[in-house]
Amino acid sequence: MSIPDHARANFQTLLRAAADGNLALLECADAETGAVRYVICAVGRDGGEFLFTPFGHLADGNPYEAYRPPEP
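To start, this report covers the structure provided alongside it. (Residues numbered from 1 in each chain as written. Predicted model: local features only at pLDDT ≥ 70, side-chain atom pairs only at ≥ 80, totals over all residues. Heavy atoms only, no water.)

## Details of the environment of Asp46
On the secondary structure map, Asp46 appears in strand β2 (residues 36-46). On the accessibility criterion, Asp46 (53% relative accessible area) is exposed. Considering only alpha carbons, one finds Asp46 and Ala66, 20 residues apart in sequence, at a separation of 36 Å. (Helix = DSSP H or I, 4+ residues; strand = E, 2+ residues; numbered from the N terminus. Buried < 20%, exposed > 50% of the residue type's maximum accessible area, 1.4 Å probe, protein only.)

## Topic: the packing of aromatic side chains
In total, this model carries one aromatic pair according to the counting rule given. Between the NZ or CZ atom of Arg45 and the centre of the ring of Phe50, over which it lies, the distance is 4.1 Å. (Phe/Tyr/Trp six-rings, centres within 6.5 Å; stacked < 30°, edge-to-face > 60°. Lys NZ or Arg CZ within 6 Å of the ring centre and 35° of its normal.)

## So, the sheet that holds strand β3 (residues 49-57)
Across the sheet, which stays open at both edges, the three strands sit in the order β1-β2-β3 with antiparallel pairing between neighbours. For this open sheet the edge positions go to β1 (23-29) and β3, each flanked by a neighbour on one side alone. Along the sheet, successive strands turn relative to each other by an average axial angle of 45 degrees, direction set aside. The pairing of β2 with β3 spans eight bridges and is classified as antiparallel. Bridge pairing in β3 places Asp46 opposite Glu49. (Pairing = 2+ DSSP bridges. Axes fitted to C-alpha atoms, helices over the stretch in contact; angles between N-to-C directions.)

Following this line, the structure appears as structure tokens:
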């Protein structure tokens with residue numbers, strides 16, 4: 001399974017934000033269900049305002065049960 005270019009680019013952006021100390025964890029509501037999600041965001045600025053770019057949310061419960069590794 002190959003990781004698409006857009007996912008690689010987003011991951012590089014996430015790494016840069018982490019290296020610069022520009023990450024935040026925000027409590028948000030899932031757009032479809034309304035469930036609480038804890039979202040990892042890169043933080044930027046536009047003049048005096050903060051901009052938050054969401055990258056994904058933390059897994060609920062045990063993440064080892066939520067995901068499977070790719071199959072060979």
